[in-house]
Structures are given as C-alpha cells and as structure tokens.
Amino acid sequence: MADFIMNDQLKQSLHNLLQSDDVEYREMSSDNKHAIIIYVRTVCDSEIIREFVVKPFWEIESESQYTQFIQSFPESSELTDQAGVVKKLLQGYVAIFLANQAFLLDAKKIETSSVETTAVETTVNGPQDKFNENLLISINQLRHRYKRESLRVELKRIGTYSQTNLAIVYDEQIVRKEVLQELKQRLSQVQPLEIQGVAEIAKLLNNQKWSLVPTMLMTERPDRTAKKIAVGKIVLLLDGTSFVLIVPATFSEFYVSMDDEYQLRTVAYFLIVLRYIGLAVTMLLPPLYIATVSYNPEFFRVQLAFSIAASRAAVPYPSFVEVTFMLLMMEFLTEASIRVPKAVGPTATTVGGLILGEAATQAGLVSQIMIIIVAACAIANFVIPVSTMSLAARLFKYPLILFATLFGMLGVVVGTAWFIAYLCNLDSFGTPYFKFFRKADQA
Amino acid sequence: MKKSVRFSSLMIGLLSLFVFAEGCEFKDIDKRFFVVGIGVDKPENSTKKYRITLKMAIPSGSIRMGSESFQNFTQNADSITEAVQLIKSRLDKEADFGHTKVLIFGQQLIKEDYVHPMDWFIRQRFIQKVAFMAIGKPSAHDVLEVQPKYERLPSNALFMTFGQVGVESQYIVTEDLYDVYRNNKDPGVTPIMPVIEAKQDHFQINTIGVLDRQKLVSVLSPNETRIINMLRARIRKGDFQVSIKGDTFMVHTDELSANKKAYFAATKPYVDINVNIQGVIEETQQNTRITETVLRQVQTALEKKVSHDVEDVLKKLQQQNLDPIGIGLTYSASTWDRKDVEEENWKKLYPKLDITAHTHVRINSPGEIQ
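Residues numbered from 1 in each chain as written. Chains lettered and ligands numbered in written order. Predicted model: local features only at pLDDT ≥ 70, side-chain atom pairs only at ≥ 80, totals over all residues. Heavy atoms only, no water.

1. Digging into the overall build of chain B
Counting its regular elements, chain B contains eleven helices and 13 strands. Taking the principal axes of the C-alpha coordinates as reference, chain B spans close to 80 × 65 × 55 Å. Here chain B holds 370 residues, and 49% of them are scored as buried. Summarising the internal contacts of chain B: among those between residues at least 6 apart in sequence, 69% fall at separations of at least 24. Split by element, the accessible area of chain B, about 18,300 Å² in all, is 50% carbon and sulfur. Side chains of chain B carry 49 positive and 47 negative charges; the gap between the two charge centres is 4 Å. (Helix = DSSP H or I, 4+ residues; strand = E, 2+ residues; numbered from the N terminus. Buried < 20%, exposed > 50% of the residue type's maximum accessible area, 1.4 Å probe, protein only. Contact = heavy atoms within 4.5 Å. Areas by Shrake-Rupley, 256 points an atom, 1.4 Å probe, with all protein chains shown as cover. Lys, Arg positive; Asp, Glu negative; His and termini not counted. Charge placed at Lys NZ, Arg CZ, Asp CG, Glu CD.)

Written out as structure tokens, the structure reads:
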C-alpha cells in the first residue's frame, strides 16, 4: 500500500541501511489502516516511538485521524525529500509511511553523562563544571556563562562518515574577522573521514606537520572558554567530546590556570612565575646535569662537585646513558600511571617509584643526584596547567639532552636559544605565538 | 611550511658548526681528579727551579667533619707545566683544575720571585682568576699537608676563610689571582698576599706579605696587617685597644670606613687619610665606670692611637717604596700627563709625600647597663 510513496532510489538506500542490525523496519496493519515505521534503534528514543507512534496506531480508528495526530506534533514534518530520508534517520528521526503520506518524527535519544566536575583542569576555588559530551548541553552551558546577544553559534558537520556536529562559537562584535575567515577557510579545506575528538581538528587545522607545541588551546572548562570569547577568540565545540578548542592561542595562555583568575593578584603572579620556573626545570635540569657533570664540573660549588663525583663513582656508564635510562624509566612510570586500569591503580606507581629509585642507586646504575633530578623534572612537568602543553613539555628536554651530550654547556645554551627562536617563529591563525604582555582585550 | 623547513635547516646548520667550537671534552665527573690547591716551593736540595705540590681531593660519599681525604703529589721541575705533566703520569684520572681555588707560594721562593710562577696561573684558562693567593710558611707544601679536624672537604677550610663565607676576621686579607696580577702590573699600587702559617692541625693567618714588582719585601705584623686591611676598606668589624688613666679599654667597631684625600698640587704634596670608626666598648680591665667624660677620653685616645698606627705603617711602607693601599692610583687619576711621564713623576713624588691620618671615633654605647 505504501509502495507508491517509496521510489526505487529510496528503496535501494533503505535496503542498504537495513543491513545494519540496529535499524528497525516494522509493518503494522489493523482492520482499515496500514503503516510502515523505520528508525535507527540506537539513536532513537523507543519510549517516544512507543508512546506517540505505535500505541496511537492501535487506539485511533481511522487513518485520517491518525495522520492528523502525527501532524499535530511540532517535531513532525511531512516527508517530501526522499533523498534526505536516510540522513534524517541517522540523526534520530523515525520515518512513518502511511497509505498515501509519509512523515518524519523527531525521536532523538541522547545518551549523555550529566554535567560533571572537571577532571583534567581542576581548580581550588573556581567553578567545578566541565563541558558535556552533548554539543547542545555544552552550548547551553556556554550561553549560560555568556549572555550577550552578539554571541553567534554556527553549526557545521565534519567528517564524511561520522557527520559529527561542530559548532563555531564567537562574539560577533569583538571577534577578529580575519581569524574567523582563516579558520573557516582551513575548516573547508580539510575533509576527514571521521572525527571523534576535538584534538583531531586541532591536528588537521595545524599547518605544521611536526609541531612541538600546541597552537590551539584545548580546555574542558566553560569558564575559561567564556573568558576567551569575551576577548574575541573563537571556540570550536565538537559533539561527543567534553573538550573544546580555542583559537588563536599564545604560548603564555597555556601557563595560566583558571585559579589565577580567582586568586589575589599577587598570588596569581607568584603561581604563574612558578609555572615558568617549572617549565625551565623540567626542560633544563637533565641537560644541565650532563653538561656540568661531563663538561664543566667547575660550575658546581666544590662541595657539590665532590659529592656528585663520589655518588657517581659506582656508575659505570657516562652521564648521558645514566640520564637517558632514568628518564626512560620516569616516562614509563608516567605513561603507566595514566594508562593503567583504575583497579590496578596505585600498584604501578608504588612499585616503580619505590623499587626503581632506591634499587637503581644501590645497584650502581644511577647516582643519587640523578634520582633527585628525575623526580624534580617529573614533578615540575605537571605544574603546567593545560594538559596539551604539559604533555608537550615532556618532549622538550630530549633534543636539549642530545645537544648537551654533544656540545656541553654551549649546546644547552644554543639549544634553548633554538627553542625560543622556534617559538618566535610560530603563529596561531596569524597571532604571534610567543608574544607576551599583550593587552587583555587583544585576541 | 617552507619557511619553517628553511628555518630549521639553518638552525641545524649553525648548530653543527659548534662541533668545531667545542671548548672542553666529554669527561665524566668521576673520571676526574680535582686539584684543590697548588703549592709552588723552592726545592731544598735540587738544581730544579720549582717544587710543585698538587693537592688532589678524593671524594667520599659521606661528608663528615674530619673525614676528608686527599693526596699530595710533589714534583721538582724547571717549569710548572713540566711538573704538572709529570704528576699526571702518576694518576689514573684526568687532573681537573676547575676547583683549584688556593694558590700558595712558598716563603723561600717568594723571597726571590713570584712573577714567573704566577705567569703560568694567569695563562691557564682552566684556573679560576678568582683563586686565592697566599704565601705558605714554612713552605707551600706544609700548608697543603695540614689536615684540620674540622675540615669536611680537602682545602675547604681555606676556601671558607678566604671566601669570607665563614669566618670574618680583621687579620685575614683575601687576595685573588687577578688582583695580585693587576697590582703587579699597575705602577700606582703594589700587591700584597696573606701569609698562611701551617700549624699542627690548623692554619694561622694573621700577617700579610708586602710584595714589590718581583718578590716579597717584608712581612707586616698582625697589628699592621689589620691597619692595612682597614685602609683597603675590606672589613667592617674590628677591635682596638686603648689605654687611659691606668685602665685599658677594648673597643669593638661596627662601622669602619677609610678614605684618602690627596693634595698633589700643593707646594708640599700630602695625603690625608680619614678613618671613621663607630663602635662600642667591649671590655675594660679595671671595670672603670664609664661616664660621658670617660667616653670622650676613650674616643680621643683611640683617635690618636689609630692615627698614629696608620701613619706609622704607611710611612714604613713609603720608605720601602711600597704602596699597597694604592695612593699612586689616586695620583694617576688626578693627573693628565702621558703614562710614562706620570710614572716617572710618581716615582719621584712618592718618597717625599707627606702622609697624615685623621681619625674620627664615635662610641655608640658603653656596652653596659647601669
């Protein structure tokens, strides 16, 4: 009966779709009416379908009344574009084919975790909520924190297969037009098959293939995001992930925690300085150890020089082997404690920390000073508040270690200069990346 | 993309150039022997010019007082370079001079010559130019052999003493290598060096040797030493003894400053040394009650005594044509002549220069509660 509504093309595509196990195809026939409903079980709310599609079908006598009933929902529309049916079905619509009419009813079910507290960027005094995996809830959170009428939300779809919803959010009045244009242009150039995390977009939009530092700020905090929108930055929200991307970003923004905004100015400055010292420590301590121990021991005070010499007396390998070995162990530990299943949890760190540190010195593989250096290096690394930068900072020391091994103190100095030159060379969507002391309202 | 590739290749290219600019070689700290002191003596029964002692530290894991260990290597040779090379042939690790902070000349040697051995110290790029210089008594080797019970690391006692991190004494004068070298070259000033006397298990450093351009001329007494130290404005703390009316007072100074004012253009050129002392009375012999009158008397007596001491020591040095406080520097700073003319003039002028001292003493407290 309903066959005349479906043309061959639609039939063919429906047939393809029906190969999937979670697609439902139901035919219902009562005395005087007949209907076919098609929907994707995993994206639709079966409760809605049962309550508003199936149940009324048996309760309502005539087909015309049932048609009127379906039409009365604001979420329903008459199916006119047959080519777009499959797309709609995948988005959570249910298609209802009647004798001579067909309808689409929005029955989207959204599996979401409720708004949770921050897990990655924690603060002491600030707001504790993080973005939701549902794009609409995230935008809702953002709108809640930024109630200006010039806030624009542009929805896009990205990923040929995944068709993921992407929202570009900015304040139209203060956004820098050229940055927005550049962003949109770059977005239109990339055509990924599927996108699951917002960091993937960051990777795609980055012009450099091998970049050492993140040039787009990734955050899970709605308050940070709202603050960035207020200075004219652009936010990318992706459906299905609780992280958002903020462009453009500068180096110094990765060293600001939201706590800095909520503390006294003096405390905030102290914390910021502390983080840069942390960066210097995590970057420079191991290479400096090599440079001083193997090239310029006169750099130390005589007391320290002697105690290092004594504690290294049992170590058979040159300093760079010692450093590389110990750093490798430290990286294993860090990586293991992130990836380890929650149930195994503290075992990895306890075993690693206790046994490695103590036993390595007693076995004469590394000196005691080395343990202090590795520990300081590992701890200082986690002082950096934005996780993308913190993870990147783990990498910075290795080229410097190479330079220190080859050229000593000179290598460390030149290597650091090279790193700074590299940062100066970068830009994030036209904004100089390594520019400090900008005015607060400048994007 | 292209820009960054170009940039990186440029940086890598530049970096690879540093392979040639590399200053020191790769050698781990535990493969080095740290030389913590060098002594240069005159050999006793040998025709060689020098007897060189290198004090090598042996690092130990647990650093406790009196647990230091070191070994002295001695070698007679005609040059320091040769001696060092010969000593190296007895070692298993590379000698490292990065922490060589004490350079000692034996008493016998410095009476003849200190300029030649110092030449080696100055030319070695690995010896710090801020190394402490001293005269060893009875010999440099004996000083390096002393092992004080309170010392934790080899030579650390001398590092602490001269580095002024530890003790502050008005008798101890610190002279760095660059200081002695510069003063040796400068016509307006003559160098000095502290004298370290080696005792059984400690050092005694309370005199200075005054040098001319070539050798040691005289050794000052402890009292003269502290006057010179005071005039060179290196110390602020000191104690002075003064006697009036049968009682003897000790005055401790908190503030001590000295400056010199020269009048070279006067018909009879003269130098005024102004000393300012502020302090408290620290000790009395007869427990005299200190009234304002007594206080004034002590002040006046101390002023007189200090002025007298200062004039005494400076005149004595003047007769020997020595100028460790650098009056000649003031002269060259206030004349416009050509360098050689200036030098000639100064040589003629200095022996005739009249030196007077004026002391101003202020005693802030009688040091007692009444």
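Still more ground to cover, so stick around.
2. Observations regarding the overall build of chain A
In terms of regular secondary structure, chain A is built from 16 helices and twelve strands. Its C-alpha radius of gyration of 29 Å places chain A more than 25% over the 22 Å reference for a compact globule of 443 residues. In terms of principal-axis extent, the alpha carbons of chain A reach across some 100 × 50 × 40 Å. Out of the 443 residues belonging to chain A, those deemed buried represent 49%. The long-range fraction of contacts in chain A, counting pairs at least 24 apart against all pairs at least 6 apart in sequence, stands at 67%. Accessible surface for chain A amounts to roughly 21,600 Å². Of this, 58% is attributable to carbon and sulfur atoms. (Rg over C-alpha atoms; globule rule 2.2 N^0.38 Å.)

3. What to know about the domain arrangement of chain A
Residue and element names in this part refer to chain A. According to the domain assignment, chain A consists of domain 1 (2-106), domain 2 (135-249) and domain 3 (264-432). Just the C-alpha atoms count here: the centres of domain 2 and domain 3 sit 33 Å apart. Facing 20 residues of domain 2, the contacting portion of domain 3 comprises 14 residues. Looking only at domain 2, the three residues that lose the most surface to domain 3 are Leu212, Val213 and Pro214, adding up to 40% of its buried area. The tally of links from domain 2 across to domain 3 stands at zero salt bridges. Those elements that provide at least two residues to the side of domain 2 that touches domain 3 are helix 6 (177-189) and strand 8 (217-219). Examining the composition of the side of domain 2 that touches domain 3, we find that four residues originate from one element, helix 6, more than from any other. (Domains from an automatic or database assignment. Buried area = accessible area lost by both parts, 1.4 Å probe. Salt bridge = Lys/Arg side-chain N within 4 Å of Asp/Glu carboxyl O.)

4. Side note on unusual backbone geometry
Here the amide bond leading from A:Val247 into A:Pro248 is cis, since omega sits at -15 degrees, within 30 degrees of zero. As for its position among the elements, A:Pro248 is in the loop between strand 10 (244-247) and helix 9 (258-262). Look at the link from B:Lys137 to B:Pro138: it is a cis peptide, with omega at 0 degrees. Among the structural elements, B:Pro138 can be located in the loop between strand 6 (132-137) and helix 5 (140-145). Its identity is not glycine, yet A:Phe429 carries a phi of approximately 50 degrees, on the positive side. The residue A:Phe429 is located in the loop between strand 11 (427-428) and strand 12 (431-432) in this model. What makes A:Phe429 buried here is its relative accessible area of 5%. Although it is not a glycine, B:Ser155 sits at a positive phi angle of roughly 65 degrees. On the secondary structure map, B:Ser155 appears in the loop between helix 5 and helix 6 (156-163).

5. Some remarks on a nonpolar patch on the surface
All names here are of chain A. A contiguous nonpolar patch, built from Tyr317, Val321 and Leu365 and spanning about 250 Å² of accessible area, is present on the exposed surface. Within the secondary structure, Val321 sits in helix 12 (residues 319-339). A relative accessible area of 32% places Val321 in the partly exposed class. (Patch = residues over 30% accessible without salt bridge, like charges linked within 9 Å, V, L, I, M, F, W, Y side chains within 5 Å.)

6. Here we look at the domain arrangement of chain B
Put simply, an interface is often sized by how much accessible area is lost when its parts join up. Residue and element names in this part refer to chain B. Assigned domains of chain B: these are domain 1 (28-219) and domain 2 (233-370). For domain 1 versus domain 2, the distance between C-alpha centres works out to 32 Å. Listed as interface residues are 17 residues of domain 1 and, on the opposing side, 16 residues of domain 2. Between domain 1 and domain 2, roughly 1,200 Å² of surface is buried when both sides are summed, and carbon and sulfur atoms account for 56% of that area. Here domain 1 is connected to domain 2 by one salt bridge.

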